[in-house]
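What follows is the residue order along each chain.
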Amino acid sequence: MAEVVDVRAKVLAANEEAAARLRGTFRAGGALVLNLISSPGSGKTTLLEATVKALAGRLRLAGIEGDVATERDADRLRAMGIPAVQILTGGACHLDARQVRRAIDEAAFPAFDVLFIENVGNLICPTSYDLGEDFKVALLSVAEGDDKPFKYPAIFSRAAVTVITKADLLPHVSFDLAAVRGQLATLAPSGAVLVTSAKTGEGIGEWCALLEARLAAKRKAGT
Amino acid sequence: MAAITILTIRGPRRPQRCIIRYSFAVGRALGVGAATPTARAGGALHELSIAQEIYRASRAAVAGHGSGRLERVTVAVGELSAVEPDLLVFAWQALTQGGPDAAAALEVEWRPARQFCAACDADRPRSPGSWLRLCPQCGAPLAVSGGDELDVLQVTFLPDEAAGERGGAHG
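Residues numbered from 1 in each chain as written. Chains lettered and ligands numbered in written order. Predicted model: local features only at pLDDT ≥ 70, side-chain atom pairs only at ≥ 80, totals over all residues.

## Details of the overall build of chain A
When you go through chain A residue by residue, the secondary structure sums to eight helices and eight strands. A compact globule built from 223 residues should have a C-alpha radius of gyration of about 17 Å, and chain A, at 18 Å, falls within 12% of that. Taking the principal axes of its C-alpha atoms as reference, chain A extends roughly 70 × 40 × 40 Å. Within chain A, buried positions represent 49% of all 223 residues. (Helix = DSSP H or I, 4+ residues; strand = E, 2+ residues; numbered from the N terminus. Rg over C-alpha atoms; globule rule 2.2 N^0.38 Å. Buried ≥ 20, exposed ≤ 12 C-beta atoms within 10 Å, placed from the backbone.)

## Considering unusual backbone geometry
Residues apart from glycine generally show negative phi values, whereas peptide bonds are mostly found in trans. All names here are of chain A. Of note in the backbone geometry, R8 takes a positive phi value of approximately 50° without being a glycine. With respect to the secondary-structure elements, R8 resides in strand β1 (residues 3-10). For R8, a count of 10 C-beta atoms within 10 Å corresponds to the exposed category. Here T70, not a glycine, exhibits a phi torsion of approximately 80°, which is positive. Within the secondary structure layout, T70 lies in the loop between β3 (61-67) and α3 (72-79).

## As for helix α4 (residues 97-107) of chain A
An α-helical turn contains 3.6 residues, so any two residues separated by three or four positions project in the same direction. All names here are of chain A. Residues A97, R98, Q99 and V100 constitute the buried set of α4. The inward-facing, buried residues of α4 abut α1 (13-28), β3, β4 (84-88) and β5 (114-118). At the C-terminal side of α4, A108 shows a positive phi close to 45°. (Contact = placed C-beta atoms within 7 Å.)

## A closer look at the sheet that holds strand β3 (residues 114-117) of chain B
All names here are of chain B. The three strands are arranged β4-β3-β5 in an open sheet whose pairing can be described as antiparallel. With one partner strand each, in any of the chains shown, β4 (122-123) and β5 (143-145) form the two edges of the open sheet. Pairing geometry for β3 and β5, over three bridges, is antiparallel. For F116, the partnering residue across the bridge sits in β5 and is A143. (Pairing = 2+ DSSP bridges.)

## Points about the interface of chain B and chain A
At the interface, 39 residues of chain B touch 38 residues of chain A. Elements with a contribution of two residues or more to the side of chain B that touches chain A: α1 (2-5), α3 (46-63), β1 (68-78), β5 and β6 (150-159) of chain B. Top element by residues in the side of chain B that touches chain A is β6(B). It accounts for 10 residues. Residues that form the side of chain B that touches chain A fall into these classes: 26 nonpolar, eight polar and five charged. (Nonpolar A, V, L, I, M, F, W, Y, C, P; charged D, E, K, R; others polar.)

## What about the nonpolar core?
Ranked by size, the top nonpolar core spans 91 residues in total, and within it L115(A), I117(A), A51(B) and I54(B) carry the most contacts. Of the residues forming this core, the biggest block, eight residues, is contributed by α3(B). Beyond its immediate sequence surroundings of up to four residues, I117(A) is in contact with V33(A), L34(A), N35(A), L36(A), I64(A), L95(A), V100(A), L131(A) and E133(A). (Core = buried A, V, L, I, M, F, W, Y, C linked by C-beta atoms within 7 Å.)

## Observations concerning the pairing of β4(A)
Residue and element names in this part refer to chain A. A large share of β4 lies buried, amounting to four of its five residues. Summarising the sheet, β3 and β4 pair through five bridges and their orientation is parallel. Counterpart to G63 in the pairing with β4 is A84. Of the crossover connections in this fold, the one passing from β3 over α3 to the parallel β4 is right-handed. (Right-handed = clockwise from strand over helix to strand, strands pointing away.)

## Brief notes about the confidence of the model for chain B
A low pLDDT means the predicted coordinates there should not be read in detail. Residue and element names in this part refer to chain B. On average, residues of chain B score 76 in pLDDT, and 68% of them are at 70 or above. Low confidence marks residues 167-171, where pLDDT is under 50. Its contacts with residues over four positions away, or in another chain, come to seven contacts. Under the prediction, the complex receives an ipTM of 0.86, its pTM being 0.83. (pLDDT = per-residue confidence, 0-100.)

## Quick notes on the sheet that holds β6(B)
Taking strand neighbours across the sheet as the criterion, the four strands line up as β1(A)-β6(B)-β1(B)-β2(B) in an open arrangement whose pairing is mixed. Each of the sheet's edge strands pairs with one partner strand only, and the pair in question is β1 of chain A together with β2 (105-111) of chain B. Adjacent strand axes in the sheet meet at a mean angle of 20° when their direction is disregarded. Against the sheet, helix α4 (residues 85-96) of chain B engages β1 and β2 of chain B, with an angle of about 165° to β2(B). (Axes fitted to C-alpha atoms, helices over the stretch in contact; angles between N-to-C directions.)

## Quick look at the packing of helix α2 (residues 44-54) of chain A against helix α8 (residues 204-222) of chain A
Residue and element names in this part refer to chain A. At a closest axis distance of 10 Å, the pairing of α2 and α8 adopts a crossing angle of 75°. Accordingly, the angle class assigned to the pair α2 and α8 is roughly perpendicular. Between α2 and α8, the contacting residues are A50, T51 and A54 on the first element and I204, G205, W207 and C208 on the second. In terms of residue class, the contact of α2 with α8 is built from five nonpolar, two polar and no charged. (Parallel < 35°, antiparallel > 145°, perpendicular 65-115°, else oblique.)

Structural data, given as structure tokens:
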């Protein structure tokens, strides 16, 4: 006779336990941690470069860069004077919490205020994996098209902040910003939407202010 | 090499042989010679890594109640879980093929997300995969809820004694 066992467990329970431990580590360190998710080429690293410039001398930053191959993104952050470690996934389409734990342990970063975890460029797979972050940030470049939130509802419904990037291209592409805001209002009613251009600096101040405000709120809640 | 290692996963378990075979096929298609499966520090293709977690959870459930072969595993997959049911079943078959649990079926219960109008106090149905921007009745914004499930619900297994009676070799 076959036996039936009711399990009722989350498939990703092991990852979530690892993420909870990371979250405890980050809380103890008083650091804000962001998980940046977007298509390849949306401008995650470029946004971070602009952020580093804008926050120079104000916040201590660090980066974990997830890519299938090359150290290129970590090199770009190091060139800006930011401690960064590259996780090479060798084909895997997302980062998981255990990889981030190993990266944190191996990197031995100096103390930081904000840690950016730049996920593998992919709007689907990284969505499922909690990395111990305070919140997810979804990036959407105006060159990608204005139907992305409804096409990829899982990530856009989970992201606390959506950053529209490459806004300097708006005059040159068909991108209905109001339509995107409408889709995001449906999927993430309490989420923030920022319109930015790393090239012109548009919205970068607002983005940095959001980071400082969320960091202050986390530290206030932790004391 | 990257194209080859994409389809390989870590660990010595026998059921993974089929994955490795598949990677050889990819290597041949790319004109690459003998492929060596590479141990991975973490993860694999998305649905494959999800299938691995389901398999681990299922074996743990069996271990908690004795020992035996898996017959059926039921999972809940939500519309917003970022997991594609057909690919998940394919990954499960690839993962279990050739091993003691090769006959185990993975059953996926699909859990759609709801779109709810607070003003009308009513769910607003939509066609699969599409989203309503506003309530078709009153024009108010709709709230999305549910659909983020990714759970192992139930594991059915054939205990070793029963498997022995049927002449099944375990192993």
